[in-house]
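Residues per chain are reported as follows:
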Amino acid sequence: MHTYFKDKVIIITGASSGIGLATARLFAGMGAKLSLAARSIDRLESLASELTDDRSRILCIKTDVSVEEDCRRLIEETVRRFGKIDILINNAGISMRAPFLDVNLEVIKKLMNVNFWGTVYCTKYALPEILKTKGSIAGVISTAGYVAIPGRTGYVTSKYAIRGFLETLRIEHLNDGINILVFAPGYTASNVRNAALLADGSPQGYSPKDEGKLMSAEKVAEKLAYGLYRRKKEMILTALGYWDIWLYRRFPRLMDRVQLHYIRRKEKQNDPFR
């Protein structure tokens, strides 16, 4: 697997933290050429200096994936520097914690713009290059892209939408030699819960989970690399996630009640959507 990624040109969005950061470190160690995208150029430049002394192998591009022009520029500058694109990893994303009744609709729009439209924009401009190399496109979603979770309307909707988009894209290009991977980690130790948006759009500012007990971003990155190497079309990482999805498909009414019971139990602890 290490030799497979050597000199591959890989774009990673949301590369400054969490899964994106861990993935950048992993692929750099495998000898890939990286195009790293995030809103914080300072973090990207610091990461690039950490990864290698040969800066010709890493391109850092300040990118807000909710802005179409930023995504177009990310793809064009990557091709200008490296001459091709082998893999696009749509990883950038944000979460939320609020009942739909209370949430400001701008929060839902922001979730869709970053999570869904960010994936669509980057994929739109990268696809012609991916077709040339018969490469891969990955979308990092979540088990929330299969199973609805109360208090996460914007997040769940965006992840369902990404899955539908990528699965449709796969069928459209079934005979073109490219691979489309829908990648669904479970709960992962990262900053996503701290940055999750509340009903008014402000960040939650803390994590209700014990981050030390969650799957590490480094482990998730290893699984992602394996999925890309094997050109898998779907990966659901945790046994709990797999069984949740299996049960939801076969016993949807039961699972609705299970989810509601879980949330009501959490409400008694004054933390309804953790």
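A. Structural view of the pairing of strand β4 (residues 87–90). Side chains I87 and I89 of β4 all project onto a buried face; the interleaved residues L88 and N90 project onto the opposite face, where all are buried too. Pairing between strand β1 (residues 9–13) and β4: three bridges, direction parallel. Bridge pairing in β4 places I12 opposite I89. Regarding topology, helix α4 (residues 105–133) serves as the crossover connection from β4 to the parallel strand β5 (residues 136–140), and that connection is right-handed.

B. Representation of the environment of I10. Within the secondary structure layout, I10 lies in strand β1. With relative accessibility at 0%, the residue I10 sits in the buried group. Leave out the neighbours within four places in its chain, and I10 touches F5, F27, A32, K33, L34, S35, I87 and I89.

C. View of the pattern of salt bridges. Taken as a whole and judged by the stated rule, the model has twelve salt bridges. Residue R57 pairs with D7 through a salt bridge whose shortest N-O separation is 2.9 Å. Within this pair, whereas R57 is found in the loop between α2 (41–51) and β3 (58–62), its partner D7 is found in the segment before β1, the two being separated by 50 residues in sequence. Judged by relative accessible area, D7 falls into the partly exposed class, the value being 30%. Put simply, K109 and E106 hold a salt bridge, and the shortest N to O gap is 3.3 Å. With K109 and E106 both in helix α4, this residue pair falls three residues apart, about one helical turn. Counted as one network, the salt bridges with shared partners bring together E69, R72 and E76.

D. Fine view of the side chain of S158. Checked against the element boundaries, S158 lands in helix α5 (residues 153–172). When its relative accessible area of 0% is taken as the criterion, S158 is described as buried. From its side chain, S158 meets the backbone oxygen of Y155 in a polar contact 2.8 Å long.

E. How the structure looks around the sheet that holds β5. Strands sit in the order β3-β2-β1-β4-β5-β6-β7 across an open sheet of seven strands; the sheet is parallel. The sheet terminates laterally at β3 and β7 (234–236), the two strands that pair on one side only. Each neighbouring strand pair of the sheet contributes to a mean axis angle of 15 degrees, computed without reference to strand direction. Across three bridges, strand β6 (residues 179–184) lies against β7 in parallel orientation. If you follow V182 over to β7, its bridge partner there is E234. Contacts between helix α3 (residues 68–82) and the sheet are confined to β1, β2 (33–38) and β3, with β3 contributing the most and set at about 160 degrees to the helix. The strands touched by helix α6 (residues 217–229) are β4, β5, β6 and β7; relative to β6, the strand with the most contacts, the crossing angle is about 155 degrees.

Criteria and thresholds
- Residues numbered from 1 in each chain as written.
- Predicted model: local features only at pLDDT ≥ 70, side-chain atom pairs only at ≥ 80, totals over all residues.
- Heavy atoms only, no water.
- Buried < 20%, exposed > 50% of the residue type's maximum accessible area, 1.4 Å probe, protein only.
- Helix = DSSP H or I, 4+ residues; strand = E, 2+ residues; numbered from the N terminus.
- Pairing = 2+ DSSP bridges.
- Right-handed = clockwise from strand over helix to strand, strands pointing away.
- Contact = heavy atoms within 4.5 Å.
- Salt bridge = Lys/Arg side-chain N within 4 Å of Asp/Glu carboxyl O.
- Polar contact = N/O pair within 3.5 Å; in protein donor to acceptor, adjacent residues only side chain to side chain.
- Axes fitted to C-alpha atoms, helices over the stretch in contact; angles between N-to-C directions.

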